[in-house]
Amino acid sequence: MSLDFSPILQSWQFLLGGLGLTLGLAALTVLCSLVLGGAIGLARCYGPAWLRLPLVFYIDSMRSVPVLVVLVWTYFALPIVTGAVLPPFWAGLIALTAQIAAYMAEIVRAGVESVRPGQTRAALALGMSRAQAVRQVVLPQAVVRMLPAFGSILSIAIKDTAIASVIAVPEYLNRSQTLAGESFRPIEVYLTAMAVYFITLFPVTRTVDIAYARLAHLGRS
Amino acid sequence: MTRQNDEPDAHVVLAYRDVHKQFGDFVALAGVSMEVRKTEVVCLIGPSGSGKSTLLRCTNGLESIDGGEITLDGQVLPRHGRGMRAVRQRMGMVFQNFELFPHMTALANVASGPLTVLRLPRGEAEARASALLAKVGLADKAASYPSNLSGGQQQRVAIARALAMQPEVMLFDEPTSALDPETIGEVLNVMKALAEEGMTMLVVTHEMSFARRVADHVVVFERGTIIEQGPPAQIFDAPLVPRTRDFLSHLGWEG
């Protein structure tokens, strides 16, 4: 068997466009999950008691349902129920955010809870309000402690964008499928896809690890 | 009962009247009454779990009390809520585990109260912090993070941090219990200097020689009650209550 990568070289702009969409979708997913997951995680730690049950229900259900199922529901079933048709990209963003935010919320909660209660007591003893204690003392340490888990969720978010290919979001994997079909060179196309995902993700996880190694002492109380 | 600051009109900073505190079924404080007068050093001693640290935490509202009252300068402390924050600013607290903020330099730790709580301008807060670091002998460690400081140095920074709020009274919760023996002395010296300046101090401690030398008044706790209180000479040399003598002899104290 001989490998022929020429179809990939010929269509590099087509693939690069797909990669751009992959990274765009990943960046938006991470951003939205960070905001939503952060809010949910903090609400679980500091919010009113009645809010906790629905939040736990949300987190647990998202962790128990495959992202593909959430995606299919968002794209195909939601329009039937609500009548609103979502463009594939936005359906993908919503489904991925709903999933990743649940994990993010757990990371935030674990990070906050890992900071010794004595730190909060020390802040309160100085006369800080509870909100000031959280903002100035607990969160900065929690963020440092979250970094390793955050690195994992970051790479998972980027990889999971590939699932959006099933609803025809023209991201990298979807374009690879198109190219593989047109060129009859699936092995070369998917080998390239593997390499592209690896080259994209490897620096991300490495960077987060290096950052953590440098900052870890700031979160050690 | 003789007391160095014994004039009847001696200013009472903190007064505890029949203070009760319970954690579930565990009675932590079963009716504690005592006073701390201005410029006095009061040491609380007694076995672990006897209620000393709980009394400190109740004093600045980190724990609420279930009965009785605590007054600061004659005003009854609020049980909780917004009023408690204003009260906490008038008391400095030093913890057994230092509880320095690890993401801040020594200077930023000391400046954090003035900056966040008093909302002083940064320059002013840092000037105050520098002066206090110098006072505890750590001017050269201003830029160090807690992870690069020894236990004794961390505790001295923590004392400076509490002093930065210019409190009327300092609460020390076993400040040397987590320290290596060779660094206990430097912390006790800072505390002694503070006492000599006239700071009012309430100290939970297992350092009997410190209590003997520095305290004006010693209070012995057992099972949530005060079994004896008096000047150090009485407590350490001629305790009135046999259980005080038992406690001290368990610690190897021989006068």
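As a reminder, the structure under discussion sits directly above these lines.
In this report, the structure presented in the accompanying data block is examined.

Criteria and cut-off values
Per-chain numbering applies: the sequence of each chain, read as written, is numbered from 1 onward. Following the order in which they are written, the chains are lettered starting with A and the ligands numbered starting with 1. For this predicted model, a pLDDT threshold of at least 70 governs which residues receive local features, and a threshold of 80 or more governs which side-chain atom pairs are given and counted, while totals over whole chains, interfaces and linings are taken from all residues. To get the side-chain values, all heavy atoms of the structure are used, and hydrogens and water are removed first. Here a strand is any run of E in DSSP of at least two residues, a helix any run of H or I of at least four, and the numbering for each starts at the N terminus. Here, residues are in contact when the closest pair of their heavy atoms is within 4.5 Å. For every accessible area listed, the method is Shrake-Rupley and the probe measures 1.4 Å; residues are considered covered only by the protein chains on display. His residues and chain termini do not enter the charge count, which takes Lys and Arg as positive and Asp and Glu as negative. A charge is said to be at NZ when it belongs to Lys, at CZ for Arg, at CG for Asp and at CD for Glu. Only a pair of cysteine sulfur atoms within 2.5 Å counts as a disulfide in this structure description. Throughout this description, buried means an accessible area under 20% of the type-specific maximum (1.4 Å probe, protein chains only), exposed means over 50%, and partly exposed covers the range between. Lines fitted to the C-alpha atoms define the axes, with helices restricted to the stretch that makes contact. Angles between their N-to-C directions range from 0 to 180 degrees. Note on angle classes: values under 35 degrees are labelled roughly parallel, values over 145 roughly antiparallel, values of 65 to 115 roughly perpendicular, and the remainder oblique. Helix crossings get a hand from a simple test, with the near helix turned counterclockwise from the far one by less than a right angle marking a left-handed crossing and a clockwise turn marking a right-handed one. For two strands to count as paired, DSSP must find a minimum of two bridges between them. A pair is scored as a salt bridge if a Lys or Arg side-chain nitrogen falls within 4 Å of a carboxyl oxygen belonging to Asp or Glu. Whenever a nitrogen or oxygen atom comes within 3.5 Å of another N or O atom, the pair is scored as a polar contact, on the condition that within protein one atom can donate a hydrogen and the other can accept it, and that pairs from neighbouring residues in sequence are kept only if both atoms are in side chains.

### Topic: the overall build of chain A
- In terms of regular secondary structure, chain A is built from nine helices and zero strands.
- Taken from N to C terminus, the helices and strands of chain A fall in the order α-α-α-α-α-α-α-α-α.
- Considering only C-alpha atoms, chain A reaches an extent of 70 × 45 × 25 Å along its principal axes.
- Taking as baseline every contact in chain A between residues at least 6 positions apart, the subset at least 24 positions apart corresponds to 75%.
- As presented, chain A carries roughly 11000 Å² of accessible surface, and 72% of it is formed by carbon and sulfur atoms.
- Between the averaged position of the 15 positive side-chain charges in chain A and that of its 9 negative side-chain charges there is a distance of 19 Å.

### Some words on the state of the cysteines
Residues and elements named next belong to chain B.
- One pass over the full model with this rule turns up zero disulfides over all chains.
- No disulfide involves Cys43; its sulfur sits 19 Å from the nearest other cysteine sulfur, which is in Cys58.
- Overall, Cys43 belongs to the buried group, its relative accessible area being 0%.

### Things to note about the packing of helix α4 (residues 67-82) of chain A against helix α5 (residues 88-114) of chain A
Residues and elements named next belong to chain A.
- One way to put it is that α4 packs onto α5 with a least axis distance of 9 Å and a crossing angle of 140°. Accordingly, the angle class assigned to the pair α4 and α5 is oblique. In this structure, the crossing between α4 and α5 has a hand that is right-handed. Residues Val67, Val70, Leu71, Thr74 and Tyr75 of α4 form the contact with α5, whose own contacting residues are Pro88, Ala91, Gly92, Ile94, Ala95, Leu96 and Gln99.

### Quick look at the sheet that holds strand β6 (residues 91-94) of chain B
Residues and elements named next belong to chain B.
- As summarised here, the arrangement of the six strands in space is β6-β7-β8-β3-β9-β10, forming an open sheet in which the pairing is mixed. With one partner strand each, in any of the chains shown, β6 and β10 (225-230) form the two edges of the open sheet. Strand-to-strand twist across the sheet, computed as the mean angle between neighbouring axes with direction ignored, equals 15°.
- Across four bridges, β6 lies against strand β7 (residues 169-173) in parallel orientation. Counterpart to Val94 in the pairing with β7 is Phe172.
- Of the strands in this sheet, β3 (41-45), β6, β7, β8 (200-204) and β9 (217-222) are in contact with helix α1 (residues 52-59), which crosses β7 at around 145°.

### Considerations on the pattern of salt bridges
- Tallied over the entire structure, the rule returns 19 salt bridges over all chains.
- The salt bridge involving Arg206 of chain A is made with Asp209 of chain A; its shortest N-O contact spans 2.9 Å. With Arg206 of chain A and Asp209 of chain A both in helix α9 (residues 186-215) and three residues apart, this pair spans about one turn of that helix.
- On the basis of relative accessible area, Arg206 of chain A is assigned to the partly exposed category, the value being 39%.
- Here Lys192 of chain B and Glu196 of chain B are joined by a salt bridge, their closest N and O atoms 3.3 Å apart. In this pair, Lys192 of chain B and Glu196 of chain B are both assigned in helix α6 (residues 181-196), four residues apart and thus about one turn of the helix distant.
- Residue Lys192 of chain B is classed as partly exposed on the basis of its relative accessible area, which comes to 27%.
- Taken together, the shared-partner salt bridges connect Arg44, Asp60, Arg63, Glu106, Arg109 and Glu113 of chain A into one network.

### Looking at the packing of helix α7 (residues 130-160) of chain A against α9 of chain A
Residues and elements named next belong to chain A.
- It is the contact of α7 with α9, at a shortest axis distance of 9 Å, that shows an interaxial angle of 175°. By the angle between their axes, α7 is roughly antiparallel relative to α9. Residues Val144, Arg145, Leu147, Pro148, Gly151, Leu154, Ser155, Ile158 and Lys159 of α7 form the contact with α9, whose own contacting residues are Leu201, Val204, Thr205, Val208, Ala211, Tyr212 and Leu215.

### Comments concerning the side chain of Thr244 of chain B
Residues and elements named next belong to chain B.
- Within the secondary structure, Thr244 sits in helix α9 (residues 242-250).
- Under the relative-accessibility criterion, Thr244 is labelled buried at 0%.
- In this structure the side chain of Thr244 is engaged in a polar contact, spanning 2.7 Å, whose partner is the side chain of Glu228.
- Ignoring anything within four residues of it in the chain, the contact list for Thr244 reads Val220, Ile227, Glu228, Ile235 and Pro239.

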